[in-house]
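Breakdown of the fold
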Amino acid sequence: MTEGGTPSSTEYILHHLTPLHVGHGFWTVHLDTLLVSMALGVFFCWLFWKAARHATSGVPGGLQNFVEILIDFVDTQVKDSFHGRNPLIGPLALTIFVWVWLWNFMDLIPVDLIPSIMGALGVGHFKVVPSTDLNSTFALSLSVIFLVYFYSIKVKGAGGFTKEIFTQPFGIWFCPFNVLLRIVEDVAKPISLGLRLFGNMYAGELIFILIALLPWWIQFTLSWPWAAFHLIIITLQAFIFMVLTIVYLSMAHEDH
Amino acid sequence: MNFNATLIGQMITFILLVAFTMKYIWPPLMQAMQDRQKRIAEGLASAERGVREQELASAKAAETLREAKKQVAEIITQAQKRANEIVEQSKNDARDEGQRQLETAKAEIDQEMNRAREQLRKQVAAIAVEAAGKILGREVDAKANARLVNDLVAQL
């Protein structure tokens, strides 16, 4: 909370939506987003590495079972929409799914818990959900689009890629229209990918914050249903991000 | 809420995570899962093979048993036949042997009888001569009447 007295609702909401940042202009860094993302990434790597190190083809233990279920789930999704062979796409999809899910899961931590702890430690602002930061979601979507371009050119060659831009989908006689369509499509892809995740998580977080403004004795009537519903949303959003990544990459591999 | 260097930082973290997953997490777990799949498939296949082999073996065992029974029956029949033969032969042998012994005994008896008869004849002759002598009151010349006596004896 801000120093001195009870903050107004506006102050409370703005306080929750302000990231912990250092630097100026473009070179501003949101420390909370970076640190929480790294911590979750390290947790993901540690957990899965623990399972992978003792991986046995015999009877798997509990952790290996859990990890194998996730990997099998991701692998099924990959095999359903991606028909080429690419050793990157499975691990990429798994990383996106688990990492984004962990980001989103931070949304279910009580909204005041971590900011209060950080406040007690002398840190003024702390946004704990990385996916409510546009920089996180666009870091993922731009990386994915970069990979789409990389594989498009790698699979089809520079010539084939250029030809595709000018002749797809309506043939060479409509080439200006084709190029225009392509530009719209390629701009829309990363923006829709990044904004969808950001928008869902930002809205969810905002509703938690609004619920937190209610009197304490009524909060549970809204917070519990919203948290239960949000549990579905965070999984769904992570899943959508992963599936779209796979679909975009498989489109990049398709030769017309 | 605007774009800044956080995006670059998040990208770097993302690349590191993907690289780690690609190198240390995905391949060993995938390998383990594929190996297990293969092992389960092999296990099922060998179980099926085992069942089929077992069926084959029991069929073979039944066949062997049937053959053995047939052979046993044959052997028993042969043995009975042989036993009958042996009994029959023993009977014949015994009968022959009995016959032979009987004949030997008969021959011996005949011999004995002839000897006894001969002796008796000699004694009768002697007695006849002595009795004749006594009756006649004098000595009968045995030598002189030998022919007569012998004829008499032969008539006995």
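The model shown is predicted, which means the values in this text are computed figures rather than measured ones.

1. Some words on the overall build of chain B
- Within chain B, the regular secondary structure consists of 2 helices and 0 strands.
- With the C-alpha coordinates of chain B rotated into their principal frame, the extents come out at 190 × 25 × 20 Å.
- Counting every position in chain B, which comprises 156 residues, the buried fraction comes to 15%.
- Accessible area of chain B: about 12,700 Å², with a carbon and sulfur share of 58%.
- With 24 positive and 22 negative side-chain charges, chain B shows a separation of 6 Å between the mean positions of the two kinds.

2. With respect to the interface of chain B and chain A
- At the interface, 29 residues of chain B touch 52 residues of chain A.
- Carbon and sulfur atoms supply 77% of the area buried between chain B and chain A, which totals about 3,600 Å² over both sides.
- Here chain B is connected to chain A by 1 salt bridge.
- Taken together, the links from chain B to chain A amount to 13 residue pairs in polar contact (both at pLDDT 80 or more).
- Here the residues of the side of chain B that touches chain A sort into 19 nonpolar, 7 polar and 3 charged.

3. What to know about the layout of surface pockets
- Here the largest pocket is characterised by a volume of approximately 400 Å³.
- What lines the largest pocket is a set of 15 residues, and nearest its centre among them are D75(A), R85(A), N86(A), P87(A) and W26(B).
- Every element with two or more residues in the lining of the largest pocket is listed here: α3 (62–81) and α4 (89–105) of chain A together with α1 (6–136) of chain B.
- Sorting elements by how many residues they give to the lining of the largest pocket places α1(B) first, with 4 residues.
- Residues belonging to the lining of the largest pocket are distributed by class as follows: 9 nonpolar, 3 polar and 3 charged.

4. So, the packing of aromatic side chains
- Under the counting rule described, the total for this entry stands at 17 aromatic pairs over all chains.
- Judged by centre distance (5.4 Å) and plane angle (50°), the ring pair of W226(A) and F229(A) falls under tilted. Here the residue W226(A) and the residue F229(A) both occupy positions in helix α8 (residues 216–253), the gap between them amounting to 3 residues, near one helical turn.
- For W226(A), a relative accessible area of 17% translates into the label buried.
- By relative accessible area, which is 45% here, F229(A) ends up partly exposed.
- Pairing F20(B) with Y24(B) gives two aromatic rings, centres 5.1 Å apart and planes at 45°, and the pair type is tilted.

5. So, the pattern of salt bridges
- For the structure on display, the rule yields 12 salt bridges over all chains.
- Linking D75(A) and K79(A) is a salt bridge whose minimum nitrogen-to-oxygen distance equals 2.6 Å. Residue D75(A) and its partner K79(A) are located together in helix α3, separated by 4 residues, close to a single helical turn.
- Owing to a relative accessible area of 10%, D75(A) belongs among the buried residues under this scheme.
- Judged by relative accessible area, K79(A) falls into the exposed class, the value being 52%.
- When the shortest N-O distance is used, the salt bridge between E118(B) and R121(B) registers 3.2 Å.

6. Points about a nonpolar patch on the surface
Residue and element names in this part refer to chain A.
- A contiguous nonpolar surface patch, about 1,000 Å² in accessible area, is contributed by F166, F170, I172, W173, F174, F177, L180, L181 and V184.
- Here the element with the most residues in the nonpolar patch is helix α7 (residues 175–212); it accounts for 4 residues.
- Position of V184 among the secondary structure elements: in helix α7.

7. Points about the confidence of the model for chain B
- With 96% of its residues at a pLDDT of at least 70, chain B reaches an overall mean of 90.
- Scored as a complex, the prediction yields pTM 0.75 and ipTM 0.88.

8. Here's the deal with the packing of helix α2 (residues 31–53) of chain A against α4(A)
Residues and elements named next belong to chain A.
- Where α2 meets α4, the closest approach of the two axes is 10 Å, and the angle between their N-to-C directions is 125°. Regarding the angle of α2 to α4, the classification is oblique. For α2 against α4, the interelement crossing comes out right-handed. Residues S37, L40, G41, F43, F44 and F48 of α2 touch α4, and the partners they reach there are L94, T95, V98, W99, L102 and W103.
- Its residues assigned to classes, the contact of α2 with α4 shows 9 nonpolar, 3 polar and no charged.

9. Section: the environment of F48(A)
- Assignment of secondary structure puts F48(A) in helix α2.
- Looking at F48(A), the relative accessible area reads 2%, which means it is buried.
- Setting aside residues no more than four positions away along its own chain, F48(A) makes contact with V67(A), L70(A), L94(A), V98(A), I25(B) and L29(B).

10. Some words on the nonpolar core
- F48(A), I71(A), L92(A), L94(A), I96(A) and V98(A) are the most contacted members of the largest nonpolar core, which has 66 residues in total.
- Of all elements in the fold, only α1 (9–17), α2, α3, α4, α6 (134–167), α7 and α8 of chain A together with α1 of chain B reach the threshold of two or more residues within this core.
- What L92(A) contacts, discounting residues up to four positions off in sequence, is L147(A), T245(A), L249(A), F14(B) and V18(B).
- Membership of the second largest hydrophobic core comes to 5 residues, among which are F138(A), A139(A), F198(A) and L7(B).

Basis of the calculations
- Residues numbered from 1 in each chain as written.
- Chains lettered and ligands numbered in written order.
- Predicted model: local features only at pLDDT ≥ 70, side-chain atom pairs only at ≥ 80, totals over all residues.
- Heavy atoms only, no water.
- Helix = DSSP H or I, 4+ residues; strand = E, 2+ residues; numbered from the N terminus.
- Buried < 20%, exposed > 50% of the residue type's maximum accessible area, 1.4 Å probe, protein only.
- Areas by Shrake-Rupley, 256 points an atom, 1.4 Å probe, with all protein chains shown as cover.
- Lys, Arg positive; Asp, Glu negative; His and termini not counted.
- Charge placed at Lys NZ, Arg CZ, Asp CG, Glu CD.
- Contact = heavy atoms within 4.5 Å.
- Buried area = accessible area lost by both parts, 1.4 Å probe.
- Salt bridge = Lys/Arg side-chain N within 4 Å of Asp/Glu carboxyl O.
- Polar contact = N/O pair within 3.5 Å; in protein donor to acceptor, adjacent residues only side chain to side chain.
- Nonpolar A, V, L, I, M, F, W, Y, C, P; charged D, E, K, R; others polar.
- 1 Å grid on protein atoms, 1.4 Å probe; cavity = no way out; pocket = protein on both sides within 12 Å on 5 of 7 lines; lining within 4 Å.
- Points joined across faces, edges and corners; volume = space filled by probe spheres on them.
- Phe/Tyr/Trp six-rings, centres within 6.5 Å; stacked < 30°, edge-to-face > 60°.
- Patch = residues over 30% accessible without salt bridge, like charges linked within 9 Å, V, L, I, M, F, W, Y side chains within 5 Å.
- pLDDT = per-residue confidence, 0-100.
- Axes fitted to C-alpha atoms, helices over the stretch in contact; angles between N-to-C directions.
- Parallel < 35°, antiparallel > 145°, perpendicular 65-115°, else oblique.
- Left-handed = near helix turned anticlockwise from the far one by under 90°.
- Core = buried A, V, L, I, M, F, W, Y, C linked by side-chain atoms within 4.5 Å.

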